[in-house]
Amino acid sequence: MRLSDYEFELPEGLIAQESRIPRDSCRLMVLDRATEKVHHCVFRQLPELLRPGDCLVLNETRVLPARLYGRIAGTERAAEILLLRAEATPMTWKALLRPGRRLPVGAVIEAGPDVRITVVQRDRDGRASVRFEGIPEAGFRPYLWSHGEMPTPPYIRRTLLDPEDYQTVYSRIEGSVAAPTAGLHFTGGVFAALAARQIQVVKILLHVGYGTFAPLRAEEVESNRLEEEYFSVTAAAARTINECRRGGGRIIPVGTSATRTLETISDGDGYVGEEEGWSGLFIYPDTALRAVDCL
């Protein structure tokens, strides 16, 4: 497969710059693969499109305000830090730095009163390991939430007025640098309608990584690699999913992050078990899906 075969024009005017209020009033395009017909709906109609006994699988990850700003110690030059994931200790993180060339190993960024971020390692891929100093471990998360910004995608040019706009209403476990955006439009009303139609909802976890923003470089699609992302599926979630499958219901992940998780851990018959780890799965257009019936 060639990357150029999948190019298409997306007018800037069709890229939403702010969330809809209420969330479930956004548009929803429905593709029926059996008939190849397209229907245009509103998101709050989702429960009507599903069948009793179906199972929606949600990703309950929560986005961290992972973008920080400061200045290079001893200078007036601005610096930007995008935290990617915690490493050996909660105070050491893998990160992207800007300006990268001016931040070698040993460089220090001042990012708040008495807060120093030291570059302890540089990788060949341009990433770095950084260590936070001047913050007690217990105060690190409060520091992030008071000083960090949400790392919104590059095509979103407006500043978020409310950081919660970039979280799903069911987000729970912090660790992502991007939202699982397919779930942003759920509301309490939608969940109530799902329950009324006896549609099950189960939650799993995949922390969305920086790779979700990174473009594919190689023209041959199969030559590209996707960044690994941490996932976790509990025994209770796996049991609910498997019972749904045995009962004839459809497994419907909400978005590609939930899809990636299920397809990573499923067996040949589409059943899943309790598991956690890192997924580097790359799903191509002709990949045979085992655990997923709809998206």
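Residues numbered from 1 in each chain as written. Predicted model: local features only at pLDDT ≥ 70, side-chain atom pairs only at ≥ 80, totals over all residues. Heavy atoms only, no water.

Student: Sorry, what's going on with the side chain of Thr118 here?
Tutor: Take Thr118: it is sitting in strand S9 (residues 116-122). With residues up to four places along the chain from it excluded, the contact list for Thr118 reads Gly106, Ala107, Val108, Ser129, Val130, Arg131 and Glu133. (Helix = DSSP H or I, 4+ residues; strand = E, 2+ residues; numbered from the N terminus. Contact = heavy atoms within 4.5 Å.)

Student: Please clarify how the layout of surface pockets should be interpreted in this entry.
Tutor: Once rolled over the atoms, a probe with the size of a water molecule shows which space is left empty. Roughly 660 Å³ of volume is contained in the second largest pocket. Lining the second largest pocket are 21 residues, with Asp125, Arg127, Ala214, Arg225 and Glu227 sitting closest to its centre. When grouped by side-chain class, the residues that make up the lining of the second largest pocket number eight nonpolar, four polar and nine charged. (1 Å grid on protein atoms, 1.4 Å probe; cavity = no way out; pocket = protein on both sides within 12 Å on 5 of 7 lines; lining within 4 Å. Points joined across faces, edges and corners; volume = space filled by probe spheres on them. Nonpolar A, V, L, I, M, F, W, Y, C, P; charged D, E, K, R; others polar.)

Student: Can you walk me through the pairing of S9 in this structure?
Tutor: Pairing between strand S8 (residues 108-110) and S9: three bridges, direction antiparallel. Note on S9: the bridge partner recorded for Ile109 is Ile117. Between S8 and S9, which follow one another and run antiparallel, lie five residues, and Gly112 among them has a positive phi close to 120°. In this structure, S9 lies alongside strand S10 (residues 127-133), joined through six bridges in antiparallel fashion. Opposite Gln121, over in S10, you have Ser129 as the bridge partner. The hairpin turn running from S9 into S10, its antiparallel successor, is four residues long, and Gly126 in that turn takes a positive phi close to 90°. (Pairing = 2+ DSSP bridges.)

Student: What's the story with the pairing of strand S3 (residues 55-59) in this structure? I'm lost.
Tutor: Side-chain direction in a regular strand flips from residue to residue, so the side chains alternate between the two faces of the sheet. With five of its five residues buried, S3 lies for the most part within the structure. Burial along S3 is two-sided: the face carrying Cys55, Val57 and Asn59 and the face carrying Leu56 and Leu58 are both buried. Here S3 runs beside strand S12 (residues 200-206); their pairing, made up of five bridges, is parallel. In the sheet register, Val57 faces S12, and the bridge partner there is Val202. Sheet analysis places S3 next to strand S14 (residues 251-253), joined by three bridges and oriented parallel. Note that in S14 the partner of Val57 across the bridge is Pro253. (Buried < 20%, exposed > 50% of the residue type's maximum accessible area, 1.4 Å probe, protein only.)

Student: What's the story with the packing of aromatic side chains in this structure? I'm lost.
Tutor: Two aromatic rings are characterised by how far apart their centres lie and by the angle between their planes. Scanning the entire structure with this criterion turns up eleven aromatic pairs. Relative to Phe140, the ring of Trp93 lies with its centre 5.7 Å away and its plane at 35°, an arrangement referred to as tilted. On the criterion of sequence distance, the pair formed by Trp93 in strand S7 (residues 92-98) and Phe140 in helix H2 (residues 140-147) is long-range, its members being 47 residues apart. Considered together, Trp93 and Phe140 belong to a single accessibility category, that of buried residues. Put simply, the rings of Phe43, Tyr170, Phe186 and Phe191 touch in pairs and so form one group of aromatic residues. (Phe/Tyr/Trp six-rings, centres within 6.5 Å; stacked < 30°, edge-to-face > 60°.)

Student: For this particular structure, what's the right way to read the pattern of salt bridges?
Tutor: When charged atoms on two side chains of opposite charge get close, those side chains can pair. Counted under the stated rule, the structure contains 19 salt bridges. Close ionic contact of Glu60 with Arg172 constitutes a salt bridge, the shortest N to O distance being 3.0 Å. Of this pair, Glu60 sits in the loop between S3 and strand S4 (61-63) while Arg172 is found in the loop between H2 and strand S11 (173-176), placing the two residues 112 residues apart along the sequence. On the basis of relative accessibility, which here comes to 9%, the residue Glu60 falls in the buried class. The shortest N-O distance in the salt bridge between Glu80 and Arg98 comes to 3.8 Å. One end of the pair, Glu80, is in strand S6 (residues 78-86); the other, Arg98, is in strand S7, and 18 residues separate them in sequence. According to the relative accessible area criterion, Glu80 is buried, its value standing at 16%. Linked by salt bridges that have partners in common, Arg67, Glu80 and Arg98 make up one network. (Salt bridge = Lys/Arg side-chain N within 4 Å of Asp/Glu carboxyl O.)

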